[in-house]
Amino acid sequence: MKKTLLALAAALVASGAFAQSNVTLYGRVDLSVGSVKDDGTGATSNDLVNKTRGKTVTRMFHGGDGGLTTSRWGLRGTEDLGGGLKAGFQLENRFNADTGASQDPYFRGESSLSLMGGFGEVKLGRSTTVYDDVRTLGQSRDVFNSAFTASANGVFKSGGDYASRFDNKISYYSPNMGGFYAAIDYAFDEKAGVSEDKHALKFGYKDKAFEVALGHQNEKDKKDKYTVLAAMYDFGSFSMSGSINRRSGTAANGDDEEYALGVTVPMGAFAFSGGYAYSKTKHSTGGAKDGKANGFALGMTYSLSKRTRVYAGWRDVEVKNASGVKTKDERLYAVGVRHDF
Amino acid sequence: MKKTLLALAAALVASGAFAQSNVTLYGRVDLSVGSVKDDGTGATSNDLVNKTRGKTVTRMFHGGDGGLTTSRWGLRGTEDLGGGLKAGFQLENRFNADTGASQDPYFRGESSLSLMGGFGEVKLGRSTTVYDDVRTLGQSRDVFNSAFTASANGVFKSGGDYASRFDNKISYYSPNMGGFYAAIDYAFDEKAGVSEDKHALKFGYKDKAFEVALGHQNEKDKKDKYTVLAAMYDFGSFSMSGSINRRSGTAANGDDEEYALGVTVPMGAFAFSGGYAYSKTKHSTGGAKDGKANGFALGMTYSLSKRTRVYAGWRDVEVKNASGVKTKDERLYAVGVRHDF
Amino acid sequence: MKKTLLALAAALVASGAFAQSNVTLYGRVDLSVGSVKDDGTGATSNDLVNKTRGKTVTRMFHGGDGGLTTSRWGLRGTEDLGGGLKAGFQLENRFNADTGASQDPYFRGESSLSLMGGFGEVKLGRSTTVYDDVRTLGQSRDVFNSAFTASANGVFKSGGDYASRFDNKISYYSPNMGGFYAAIDYAFDEKAGVSEDKHALKFGYKDKAFEVALGHQNEKDKKDKYTVLAAMYDFGSFSMSGSINRRSGTAANGDDEEYALGVTVPMGAFAFSGGYAYSKTKHSTGGAKDGKANGFALGMTYSLSKRTRVYAGWRDVEVKNASGVKTKDERLYAVGVRHDF
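Residues numbered from 1 in each chain as written. Chains lettered and ligands numbered in written order. Predicted model: local features only at pLDDT ≥ 70, side-chain atom pairs only at ≥ 80, totals over all residues. Heavy atoms only, no water.

Chain A carries the name Outer membrane porin protein 32 in an unreviewed UniProt entry, which gives Tepidimonas charontis as its organism. Annotation of chain A in UniProt includes, under Subcellular location (unreviewed entry), the sentence "Cell outer membrane". (UniProt positions renumbered as here; feature names shortened; annotations may be inferred.)

A. Inspection of the overall build of chain A at higher detail. Secondary structure summary: chain A contains 4 helices and 18 strands in total. In chain A, which comprises 341 residues, the share counted as buried stands at 54%. Of the contacts formed within chain A by residues at least 6 apart in sequence, a portion of 55% connects residues at least 24 apart. When the accessible surface of chain A is split by element, carbon and sulfur atoms take 58% of a total near 13500 Å². (Helix = DSSP H or I, 4+ residues; strand = E, 2+ residues; numbered from the N terminus. Buried < 20%, exposed > 50% of the residue type's maximum accessible area, 1.4 Å probe, protein only. Contact = heavy atoms within 4.5 Å. Areas by Shrake-Rupley, 256 points an atom, 1.4 Å probe, with all protein chains shown as cover.)

B. Spatial organisation of the relation of the copies chain A and chain B. Under the fitted operation, chain A is carried onto chain B by 0.0 Å of movement along the axis and a turn of 120 degrees, and the coordinates agree to an RMSD of 0.1 Å. The relationship between the two copies is best expressed as a three-fold rotation axis. Interface residue correspondence from chain A to chain B reaches only 11%, placing this contact among heterologous pairings that use different surfaces. (Least-squares fit on C-alpha atoms with pLDDT ≥ 70 in both.)

C. Up close: the packing of aromatic side chains. All told, the structure shown has 52 aromatic pairs over all chains when counted by the stated rule. Pairing Y186 of chain B with F188 of chain B gives two aromatic rings, centres 5.1 Å apart and planes at 85 degrees, and the pair type is edge-to-face. On the basis of relative accessible area, Y186 of chain B is assigned to the partly exposed category, the value being 32%. For F188 of chain B, a relative accessible area of 10% puts it in the buried group. Seen in terms of ring centroids, F235 of chain B and F238 of chain B are 4.7 Å apart; in terms of plane orientation they differ by 15 degrees. Their pairing is stacked. Taking relative accessible area as the criterion, F235 of chain B reaches 45% and is therefore assigned partly exposed. One aromatic cluster is present, built from ring pairs that chain together F95, Y106 and F107 of chain A, F95, Y106 and F107 of chain B together with F95, Y106 and F107 of chain C. Looking at R76 of chain A, its charged tip hangs above the ring of Y26 of chain A, at a distance of 4.0 Å from the centre. (Phe/Tyr/Trp six-rings, centres within 6.5 Å; stacked < 30°, edge-to-face > 60°. Lys NZ or Arg CZ within 6 Å of the ring centre and 35° of its normal.)

D. Spotlight on the interface of chain A and chain B. Taken together, the 55 residues of chain A in the interface contact 41 residues of chain B. Summed over both sides, the interface between chain A and chain B buries roughly 4300 Å², with carbon and sulfur atoms accounting for 67% of that surface. In terms of surface lost to chain B, no three residues of chain A exceed L25, M60 and F341 of chain A, which account for 14% of the buried area on that side. The interface formed by chain A and chain B includes 8 residue pairs in polar contact (both at pLDDT 80 or more). Looking at the side of chain A that touches chain B residue by residue, the classes come out as 21 nonpolar, 18 polar and 16 charged. (Buried area = accessible area lost by both parts, 1.4 Å probe. Polar contact = N/O pair within 3.5 Å; in protein donor to acceptor, adjacent residues only side chain to side chain. Nonpolar A, V, L, I, M, F, W, Y, C, P; charged D, E, K, R; others polar.)

E. Local environment of the pattern of salt bridges. According to the stated counting rule, one finds 70 salt bridges over all chains in the structure shown. We note a salt bridge from R246 of chain A to E257 of chain A, for which the minimum N-O separation is 4.0 Å. Within this pair, whereas R246 of chain A is found in strand β13 (residues 239-248), its partner E257 of chain A is found in strand β14 (residues 255-267), the two being separated by 11 residues in sequence. What makes E257 of chain A partly exposed here is its relative accessible area of 24%. A salt bridge links K123 of chain B to E110 of chain B; its shortest N-O distance comes to 2.7 Å. Placement of K123 of chain B in strand β7 (residues 120-128) and of E110 of chain B in strand β6 (residues 110-117) is noted, with a sequence separation of 13 residues between them. For K123 of chain B, a relative accessible area of 2% corresponds to the buried category. Take E110 of chain B: its relative accessible area is 0%, and that puts it in the buried class. (Salt bridge = Lys/Arg side-chain N within 4 Å of Asp/Glu carboxyl O.)

F. Structural view of unusual backbone geometry. Here the bond from D104 of chain A into P105 of chain A is cis, since omega is 0 degrees, no more than 30 degrees from zero. The residue P105 of chain A is located in the loop between β5 (101-102) and β6 (110-117) in this model. Not every positive phi belongs to a glycine, and K223 of chain A is a case in point at roughly 60 degrees. Judged by relative accessible area, which is 58%, K223 of chain A ranks as exposed. Backbone geometry at N168 of chain B places phi at a positive 50 degrees, although glycine is not the residue there. Structurally, the position occupied by N168 of chain B is in strand β8 (residues 165-173). Here N168 of chain B falls in the buried class, since its relative accessible area comes to 7%.

G. Seen up close, the interface of chain C and chain B. Listed as interface residues are 42 residues of chain C and, on the opposing side, 57 residues of chain B. Remark: the boundary between chain C and chain B carries 0 salt bridges. Run the count over chain C and chain B and you get 8 residue pairs in polar contact (both at pLDDT 80 or more). When residues of the side of chain C that touches chain B are assigned to their parent elements, the largest contribution, 5 residues, is made by helix α1 (residues 5-15) of chain C. Here the side of chain C that touches chain B is built from residues that sort into 26 nonpolar, 8 polar and 8 charged.

H. Molecular detail of the pairing of strand β18 (residues 326-340) of chain A. Residue and element names in this part refer to chain A. Here 11 bridges tie strand β1 (residues 24-38) to β18, and the two strands are oriented antiparallel to one another. Following the sheet pairing, D30 is matched in β18 by R338. In this sheet, β18 lies alongside strand β17 (residues 308-321) in antiparallel orientation, the contact comprising 13 bridges. Paired with E318 across the strands is D329, a residue of β18. A loop of 4 residues connects β17 with β18, the two strands running antiparallel in sequence, and G324 in this loop sits at a positive phi of about 85 degrees. (Pairing = 2+ DSSP bridges.)

I. Just a nonpolar patch on the surface, in detail. All names here are of chain B. Together, V265, M267, F270, F272 and Y302 line one region of the surface with nonpolar side chains, adding up to about 410 Å² of accessible area. Counting only elements with at least two residues in the nonpolar patch, the list comes to β14 (255-267) and β15 (270-282). Within the fold, Y302 resides in strand β16 (residues 291-303). Judged by its relative accessible area of 31%, Y302 is partly exposed. (Patch = residues over 30% accessible without salt bridge, like charges linked within 9 Å, V, L, I, M, F, W, Y side chains within 5 Å.)

J. Up close: the side chain of N218 of chain A. All names here are of chain A. Note that N218 resides in strand β11 (residues 210-219). The exposure class of N218 is buried, given its relative accessible area of 12%. Not counting chain neighbours up to four residues away, the residues in contact with N218 comprise D197, K198, H199, D224 and K225.

K. Expanded view of the confidence of the model for chain A. All names here are of chain A. Looking at chain A as a whole, the pLDDT averages 86, with 86% of positions reaching at least 70. Low pLDDT, under 50, characterises residues 1-20; the stretch is placed with 37 contacts to residues that sit more than four places away or in other chains. Predicted complex metrics record ipTM = 0.90 and pTM = 0.92. (pLDDT = per-residue confidence, 0-100.)

L. Representation of the environment of E318 of chain B in the model. Residue and element names in this part refer to chain B. Here E318 lies in strand β17 (residues 308-321). A C-alpha to C-alpha distance of 9.3 Å links E318 and D38, two positions 280 residues apart in sequence. Setting aside residues up to four positions removed in sequence, E318 forms contacts with K292, A293, N294, K326, K328 and D329.

M. Geometry of the pairing of β6 of chain A. Residues and elements named next belong to chain A. Within β6, 8 of the 8 residues are buried, leaving the element largely enclosed by the surrounding structure. In this structure, strand β4 (residues 85-96) lies alongside β6, joined through 7 bridges in antiparallel fashion. Of the residues in β6, the one forming a bridge with A87 is L115. For β6 and strand β7 (residues 120-128), the ladder comprises 7 bridges, and the chain directions are antiparallel. Looking at the pairing, S114 lines up with K123 of β7. Counting the residues that bridge the hairpin from β6 to β7 gives 2 residues.

N. Here's a closer look at the environment of L68 of chain B. Relative to the elements of secondary structure, L68 of chain B occurs in the loop between β2 (56-62) and β3 (71-82). Counting along the chain gives 243 residues from L68 of chain B to Y311 of chain B, while the straight-line C-alpha distance between them is 8.2 Å.

O. Up close: helix α3 (residues 130-138) of chain C. For α3 of chain C, a buried count of 9 out of 9 residues is recorded, marking the element as mostly surrounded by other parts of the structure. Taken as a whole, α3 of chain C has its buried residues at V130, Y131, D132, D133, V134, R135, T136, L137 and G138 of chain C.

P. Representation of the side chain of H283 of chain C in the model. Residue and element names in this part refer to chain C. Take H283: it is sitting in the loop between β15 (270-282) and β16 (291-303). Classification of H283 by relative accessible area gives buried; the value is 8%. Reaching out from H283, the side chain makes a polar contact with the backbone oxygen of A252 at a distance of 3.4 Å. The contacts of H283, once residues within four sequence positions are left out, are A251, A252, N253, G254, K289 and D290.

Q. Representation of the environment of M300 of chain A in the model. Among the structural elements, M300 of chain A can be located in strand β16 (residues 291-303). Note: C-alpha distance between M300 of chain A and F270 of chain A (30 residues apart in sequence) is 6.8 Å.

See below:
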């Protein structure tokens, strides 16, 4: 790498190309302020939760814990290779906007390279699994389709343990075939080195107002299998989404049964939304670790522009163990701002 | 997040917007070379200091330890929302340019979201406290207003322990009201979860050539309170800044009394500057931990362009403990370059 | 740092400058998929290697372990200061594209500031050593001049322990003087604080089709000295590169003798390449730690565009200890994509 800056400058002039034309810099900052109170019983491994149980705590939330969505910045671009072929890449950092701390790994959101054409898309690297795509579809009208939703926060047990993204992944996304689509992920095993790879697949149908999809994910390292059926329908004056999700786990992890339902009603610059989620876990080894959880959420957004919206939301989540004791009984309120760039 | 790059590309075309128009990429690289010698007495907790005491060490400095200012890169932008309302964001990484190491957290410099209008500005996230703004004003003509200054390096005891930035902060900055301004910070307690929040406020007056401000900061987790009065006056042929700063701390932390004075004389592309700082710490529990410190600094900058300047500086700092023993007796020389982009 | 965003916006308008004109955002994503098998003997300190010995492992590679080159993103720019003087900077992050993890330090690739003119270039900060530049020249036609090459992966012993970049470095690069050039690095000692600095230098001659250079590096902290002679010749229908490299180390580190040879044959959008590397280590303390290594590599690239190429490669590396036992006996195959932006 001989790279004096003089040589660099010369090379840039010679190629007549500015990098800026090849790359888009984008991002989102999402922050909210609100209060949370957990009337749950029993000590947890989280010291902050233990100290604050039964007390109303007023605080700042970043996406993932009370905001609409996780803050991020990223780089992406596509290059036309001719003959209908395109190359593309995406690198996306996720960070906690309330403290400025980067999440780990740095390009946690996405780190991928794609070749695209009439055949569809082949993508290499780290990105969301196609199973996660279907989960997201099933919650897409539940409040605001991400962190604020009832389902994503403590209700769905498998939500806390499945891999929403795979490292070392090769994916194939089919083109749209008269509304139908399919995609598959294969992630190489690079930990134990022999037989702990992961894979996921999805099939779906999508038109202007309707989408339905089936997703499956198999994580061999944990011996857990996940299956989800999800749909979304836009009725014009309102839209709905829902999903049924199953985990078939080991004796230790248990089996999950999960349901989610969401509705969004747009009214001018406003959008009102509500969501419900339910989850039940059963272990073949007996009931002590079994449990049930359910959650409600209500929220509204007001769009100040295409890129900026303010929002307010409420969430109520309840988790019961096998004896019926509420180990979590949380109410969260928040108002916030989300800005895209 | 269904995000095949094809869909992404389509979305970008559909919205007709390039992210580049929404975001400004900026930064600064500041590096210098010089020598430092500490004739202080007694072992410290810093192994490098112990090894090099009494010896002249020639080395490279990055901002924060001998350069003008800390190196950084960042993203920022504002969006006009109509009706006099604007949204804005700023994300700023700080790094040590001599090694390429990022400081921690990643967006240590700033991670914020703002709504602005005739009412002023409301800012959420992590950013400098308004008390820190006033400190900065008081040192603004002291050599080069940051790391190289006498006051910021070992003289001001509270300079080493107060929080220059708050996480989880909500701030309000008033508009300029005939020269007068005010601002307040409130940072939620998210560590112990109950009653260790922090706040800061400032009041000031500013016109073309003059600024005076009063700042206060209360960090409940440390039980320390800070108050600073600072002013700056530009006489045309030269300008001066100064500050009086107090810390009212716990018996263990002690109380501080601090003074700073600085002057800068511009001459064409040159600027010559000098600074003095004095600090005294008293503990209610007795004198053993008490101490005094003072420092002088001289420097000059030469502007090669608006964005690039070279500089040379000298700094002399002396710290005495209660028995009059010099625990630090340091002289630093450095020449460097600072480039903004 | 008084920086309400309103003031910021005003300042930007006042200066009439957009940061975008001052900075180029660039990068590369490189990912490949392939298989690797190590028939070496004996347990190593690497658990993954121990588990997979004798087994074919199919996996994803990022640059540095089987791709063409390490993935990166960076910022760089130059500013014309008038009178033939320029300022320039470069900040380059390296990351593992298969997982999205940043390498450490953050700007591992480069973190530098330069002043350039008729006198040449003075560069401050972290960047590749001029000795590393000569090594790179010597491997420049060996398959694809970086991670995939035979020499860089386990054959060259000193390749695993010399510093390819120095922190706290001041460098001087001469201008081109009728084809001749020279450069020198000096890196300040900032660990022990007294006498463990590092330096490197190179001399070379370059014309359109030919380059030869001599490089030397002295790392006082390790007491290791490295010397390399390298050349490249472009015959038009093919090009070759080669190098001879020596390490003169301590009794514990040993002395190395290394050779590398590479050839690349372009054919339209294709380029075919092969490389060979050999390394021998001798310790003055006796033979137990001595060893020999050699490697072959073959590869081809196909350019889909100036910025995007696909590639396939094969690499065979063998390492023997003093007793002739193969401690490493690895074959690697990979196909991949590299995209520049």
